[in-house]
Amino acid sequence: MNNDNTSFSRRGLMLVLSSPSGAGKTTISRAMLERDANLTMSISATTRPMRPGERDGEDYYFVDETKFNLMAGRGELLEYANVFDNLYGTPKIPVEDALLNGQDILFDIDWQGTQQLADNENAKKDLVSVFILPPNTKELESRLRTRAQDTEEIVQQRMAKASDEMSHYREYKYVIINEDIETSVQCVEKILAAERISIERQIGLHEFVQNLRAPN
Ligand code: 5GP
């Protein structure tokens, strides 16, 4: 795979987007996947039940707890965590293949998974972590109040979860306050463009410069 502005290949990167639910992360992720042909979504395994409209192998790999624990025990997951009483994890092999092929991967994982990637000596050099915050409490609450029949208690529970997730913003490299989707998507595009040309990701740079200095 060619780099964006050079003639040699580069290593892919892991673009992690985390946020409390209701901050607009899903919309930003979808827009990024539509606009950027070199970006693919990592498909996680989960023990949570499938929701209407979801498809196995597309939204998640839906597995039971025994299978999940087997995958984790065999070291097949790059990271995994218990999120709101369900297990979620990232299968390792597709990620490793993509990175070697110069493909970038988008992850929608929580702060626990991001922490594991940041603490992993191999994974951390490929990690680009972005945290998305809602512009204000009113906006967050209105996005969390998705259904008219939600009780006040449910809305307050969601707000408490969001507050807990937001307390981890410091652990990320970039933070975007999502006031406007288009502006936020452009921010993520700029982060991606800059991170793609970071020196560690440009495999073959040394030979390229050697050649420039002594073409014959
Ligand atoms: P949902 O069940 O609504 O699809 O996702 C719930 C939460 O689980 C989201 O915050 C999402 O970021 C997180 N999540 C999804 N997949 C993974 C994963 O593979 N690892 C981790 N650590 N979190 C995940």
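Report follows, based on the coordinates. (Residues numbered from 1 in each chain as written. Predicted model: local features only at pLDDT ≥ 70, side-chain atom pairs only at ≥ 80, totals over all residues. Heavy atoms only, no water.)

Bringing the site of the ligand into the picture now. Within the structure, the ligand sits among 15 residues, and Ser-44, Arg-48, Tyr-60, Tyr-88 and Asp-108 are positioned closest to it. A distance of 3.2 Å separates an oxygen atom of the ligand from a polar side-chain atom of Arg-51. Within the residue set of the shell around the ligand, elements represented by two or more residues are strand 5 (77–83) and strand 6 (86–91). When its residues are assigned to classes, the shell around the ligand shows 5 nonpolar, 4 polar and 6 charged. (Near = heavy atom within 4 Å. Polar contact = N/O pair within 3.5 Å; in protein donor to acceptor, adjacent residues only side chain to side chain. Helix = DSSP H or I, 4+ residues; strand = E, 2+ residues; numbered from the N terminus. Nonpolar A, V, L, I, M, F, W, Y, C, P; charged D, E, K, R; others polar.)

On to the packing of aromatic side chains. Under the criterion given, the structure shown has 4 aromatic pairs. Pairing Phe-68 with Tyr-80 gives two aromatic rings, centres 6.1 Å apart and planes at 75°, and the pair type is edge-to-face. Of the two residues, Phe-68 sits in helix 2 (residues 65–73) while Tyr-80 sits in strand 5, which places them 12 residues apart along the sequence. The exposure class of Tyr-80 is partly exposed, given its relative accessible area of 38%. Taken together, the ring pairs in this structure connect Tyr-60, Phe-62 and Tyr-88 into an aromatic cluster. A cation sits over an aromatic face here: Lys-161 above Phe-84, 4.2 Å from the ring centre. (Phe/Tyr/Trp six-rings, centres within 6.5 Å; stacked < 30°, edge-to-face > 60°. Buried < 20%, exposed > 50% of the residue type's maximum accessible area, 1.4 Å probe, protein only. Lys NZ or Arg CZ within 6 Å of the ring centre and 35° of its normal.)

What follows concerns the side chain of Arg-48. Among the structural elements, Arg-48 can be located in the loop between strand 3 (45–46) and strand 4 (61–62). Residue classification places Arg-48 among the buried positions, given a relative accessible area of 6%. A distance of 2.8 Å separates the side chain of Arg-48 from the side chain of Glu-54, its partner in a polar contact. Dropping the residues within four chain positions of it, Arg-48 is found in contact with Glu-54, Tyr-60, Phe-62, Asn-86 and Tyr-88. (Contact = heavy atoms within 4.5 Å.)

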